[in-house]
Amino acid sequence: MRQSESVKHAVTPKGPGLSAPARRVLWLGALVSALGGGWVFAELHALVNTRSEESELEAALLDHQQRLVAEVEPGVERLLPCYPVPLGSGDPPTFPVRLNRLNFREREFDLAAPRGKLRIVAVGDSVTFGTGVLQAERFTERLAALLDQRRPACCEVLNAGRAGMSTQAALVVIRDTVLAWSPDLLILGTMTNDSRDPERPSRLRDAAGSVRAYVESLRAVLDLSRTRGVGVVLWGNTIGGWRDVDPLRPLRAAQDRVARETGTPSVDLDAVYAARPASADEQAAFLRERPFTAVWPKTATGPLSRLALHADWAHPNRFGHLRLAEALLPDVLTFVDRASSVRVVP
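Quick look at the structure, then. Just so it is clear, the model here is predicted, and its values are computed rather than measured. (Residues numbered from 1 in each chain as written. Predicted model: local features only at pLDDT ≥ 70, side-chain atom pairs only at ≥ 80, totals over all residues. Heavy atoms only, no water.)

Things to note about the side chain of Thr293
Right, so step 1: Mapped onto the elements of the fold, Thr293 is located in helix H11 (residues 292–295).
Right, so step 2: With near-sequence residues (within four places) excluded, Thr293 lies in contact with Phe286, Ala300 and Leu307. (Helix = DSSP H or I, 4+ residues; strand = E, 2+ residues; numbered from the N terminus. Contact = heavy atoms within 4.5 Å.)

What follows is the structure in structure tokens.
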């Protein structure tokens, strides 16, 4: 049986006590703490308006954190929660996870690149990891299938996603691990976790500080990749159902600026969703499962045509992952055609 898709939560603050900026910090804090693998914001105590709201939110966060970050032994399948649910409301939907010997949610593979194929490695946070979706539904697996249709046997696509990965952490993973796999192309999507302070993970950076740190880390990744002769395609995440406030907008704008300045291909998932909202069939399928909107209706605002592409606020569901794969495909194909003499399939 299919599992529903999702991953986050929050409680709507009531009453006049919170300013708009404070509400935004609360929403983002709750979202990223669940999304990033378990760091709970200290600001919650100060920002939640009532004791009952504080208790419900913190209890759901803690329960989700304990389930999500429990150790997963390589080679052993575990079911992880898709998103937090209020205690006493039943178990959350789950998704299966099996890690390989390198502690990535990927099949076992040879470290040496396959002969005659380009190796593509996606590095990123819990979206790349595939929180809330089956492994076969992630954009990496979808992209591999699309590539095989158009350039048969041209490429191997690997997934090096980990929950909570920031761009600075991605730089370390790329330098210390992924480059040893001899990749030809990296697909990088890490901006969601760049809003937290690395010195005090329980707190958020201000928006300007987040952008500065993100740009610095992003340029470091691009510089390292360039010196090693590895191509890069960037993509930027989006927050859905956020009361018309997307805290990742400044980071996406910064990514677009860096991409233009460096000539690096870049995909904006927010623009992709705007251009291709969920179809009627996708909306119906979304509602048939136990979506996050049914569990946290006060926080899941916006049109169903947008929400039905999300597993939760910050993670695509299987429809969103397919759109991301299709949006990445043209830039990846351009790289493939420049890097190899693979026969083009009409």
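Points about unusual backbone geometry
Right, so step 1: At Ala153, a residue that is not glycine, the phi angle is positive and equals roughly 60 degrees.
Right, so step 2: Mapping Ala153 onto the fold places it in the loop between helix H5 (139–150) and strand E4 (155–161).

Remarks on the packing of H5 against helix H13 (residues 318–339)
Right, so step 1: For the pair H5 and H13, interaxial distance at closest approach is 8 Å and the crossing angle is 45 degrees. Judged by the inter-axis angle, H5 sits oblique to H13. For H5 against H13, the interelement crossing comes out right-handed. Of H13, the residues touching H5 (which contributes Phe139, Arg142, Leu143, Leu146, Leu147 and Arg150) are Arg318, His321, Leu322, Leu324, Ala325, Glu326, Leu328, Leu329, Val332 and Leu333.
Right, so step 2: For the contact of H5 with H13, the residue count by class is eleven nonpolar, one polar and four charged. (Axes fitted to C-alpha atoms, helices over the stretch in contact; angles between N-to-C directions. Parallel < 35°, antiparallel > 145°, perpendicular 65-115°, else oblique. Left-handed = near helix turned anticlockwise from the far one by under 90°. Nonpolar A, V, L, I, M, F, W, Y, C, P; charged D, E, K, R; others polar.)

Side note on the sheet that holds strand E7 (residues 266–268)
Strand pairing in a sheet is mediated by backbone hydrogen bonds. Such pairs are either parallel or antiparallel.
Right, so step 1: Spatial ordering of the open sheet is given by E4-E3-E5-E6-E7, a layout of five strands whose pairing is parallel. Lying at the two open borders of the sheet, with one neighbouring strand each, are E4 and E7. Strand after strand, the sheet turns through a mean of 15 degrees between neighbouring axes, direction not considered.
Right, so step 2: In this fold helix H8 (residues 249–262) packs onto strand E6 (231–236) and E7, with an angle of close to 155 degrees to the strand it touches most, E6. (Pairing = 2+ DSSP bridges.)

So, the packing of helix H10 (residues 280–288) against H13
Right, so step 1: Two numbers describe how H10 lies on H13: the axes approach to 10 Å, and their chain directions differ by 140 degrees. One element, H10, and the other, H13, form an angle in the oblique class. Seen from H10, the contacting residues are Glu282, Ala285 and Phe286; seen from H13, they are Arg318, Phe319 and Arg323.

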